[in-house]
Amino acid sequence: MLGGYLGVAPGLPRFTRRCPEPEVCGDCGRGRPVLVEGPWPDLGFSLSHSGAAALVGVAEEPGAIGVDVERLRASFDWSRVPAVGEQDRITGFRTWTAVEAVGKAAGTGLRTPVSIDARGPDGLRRAHRSGDSSDWYVHDVDCPDGYVGCVATAIPEAVVSVFSWPSYTLSQNVGRVE
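Residues numbered from 1 in each chain as written. Predicted model: local features only at pLDDT ≥ 70, side-chain atom pairs only at ≥ 80, totals over all residues. Heavy atoms only, no water.

What about the nonpolar core?
With 18 residues, the main nonpolar core has Trp78, Trp96, Val102, Ala127 and Val138 as its most contacted residues. Elements represented by at least two residues in this core include exactly helix H3 (89–106), strand E8 (136–141) and strand E9 (147–153). At seven residues, the largest contribution of residues to this core is made by H3. When sequence neighbours within four positions are dropped, the list of residues in contact with valine 138 reads Ala98, Val102, Ile116, Leu124, Arg125, Ala127, Cys150 and Val151. Core analysis: the next-biggest nonpolar cluster, separate from the first, contains nine residues, Ile65, Val69, Val141 and Tyr147 among them. (Core = buried A, V, L, I, M, F, W, Y, C linked by side-chain atoms within 4.5 Å. Buried < 20%, exposed > 50% of the residue type's maximum accessible area, 1.4 Å probe, protein only. Helix = DSSP H or I, 4+ residues; strand = E, 2+ residues; numbered from the N terminus. Contact = heavy atoms within 4.5 Å.)

What follows is the structure, encoded as structure tokens:
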């Protein structure tokens, strides 16, 4: 998929990991995957999967992007998760995917606490990371039944387009080996 966005053969892009705190861990080989510099434009990307669903986000630089998708589970006690707190099941999963997406976009994962505001009149939810004055913007993503997903960017006017692939349903993919 990234090869298509970069205009190169699919096997050409190479990846490394960027630690968000290199002064702490040095070259630890951990952190978010990033493209190794090459003869292509610099793209931001993020990937998440849960159950039979995957969500991929691609953004032109300087568009840091984070995505998260979660399969809705029958019951979950969100009051035990400080980043979410006392919420009903579906709202809890929506908040959790927003927290995860912001952590991925910022490149810090879950190490930095994230708070998610209520949806504004523009339909977006603002997010804030502890100790960071930057605003992050959370866009809900249309997902198949039984899943919720979010995209987080630092750009409020970012256009989020959703494409489904492949064209057959997730239930047809469950347990399928190719």
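Structure's up, so let's keep going.
A look at the confidence of the model for the protein chain
Detailed reading of predicted coordinates is not advised where the pLDDT is low. Put simply, the protein chain has an average pLDDT of 81, and 84% of its residues get 70 or more. Taken element by element, the predicted model of the protein chain shows its lowest mean pLDDT in helix H4 (residues 170–173) (44) and its highest in strand E5 (residues 65–71) (94). Note that residues 168–178 has pLDDT below 50 and, in this model, nine contacts with residues that lie over four places away or in other chains. (pLDDT = per-residue confidence, 0-100.)

Description of the sheet that holds strand E7 (residues 125–129)
Spatially, the five strands line up as an open sheet ordered E5-E9-E8-E7-E6, and their pairing is antiparallel. Sheet topology places E5 and strand E6 (114–119) at the edges, where each strand pairs with a single neighbour. Ignoring strand direction, the axes of neighbouring strands in this sheet form an average angle of 25°. For E6 and E7, the ladder comprises four bridges, and the chain directions are antiparallel. Bridge pairing in E7 links arginine 119 to arginine 125. Taken strand by strand, H3 contacts E5, E6, E7, E8 and E9, and its axis lies near 150° from that of E5. (Pairing = 2+ DSSP bridges. Axes fitted to C-alpha atoms, helices over the stretch in contact; angles between N-to-C directions.)

Considering the environment of leucine 72
By the element assignment, leucine 72 lies in the loop between E5 and H3. On the basis of relative accessibility, which here comes to 18%, the residue leucine 72 falls in the buried class.

What to know about the pattern of salt bridges
This model, assessed by the stated rule, comprises six salt bridges. In this structure, the salt-bridge partner of aspartate 140 is arginine 119, at a minimum N-O distance of 2.7 Å. Here aspartate 140, found in strand E8, pairs with arginine 119, found in strand E6; they are 21 residues apart in sequence, far enough to count as distant. For aspartate 140, a relative accessible area of 27% translates into the label partly exposed. Several salt bridges converge on common partners, so that one network encompasses Arg119, Arg125 and Asp140. (Salt bridge = Lys/Arg side-chain N within 4 Å of Asp/Glu carboxyl O.)

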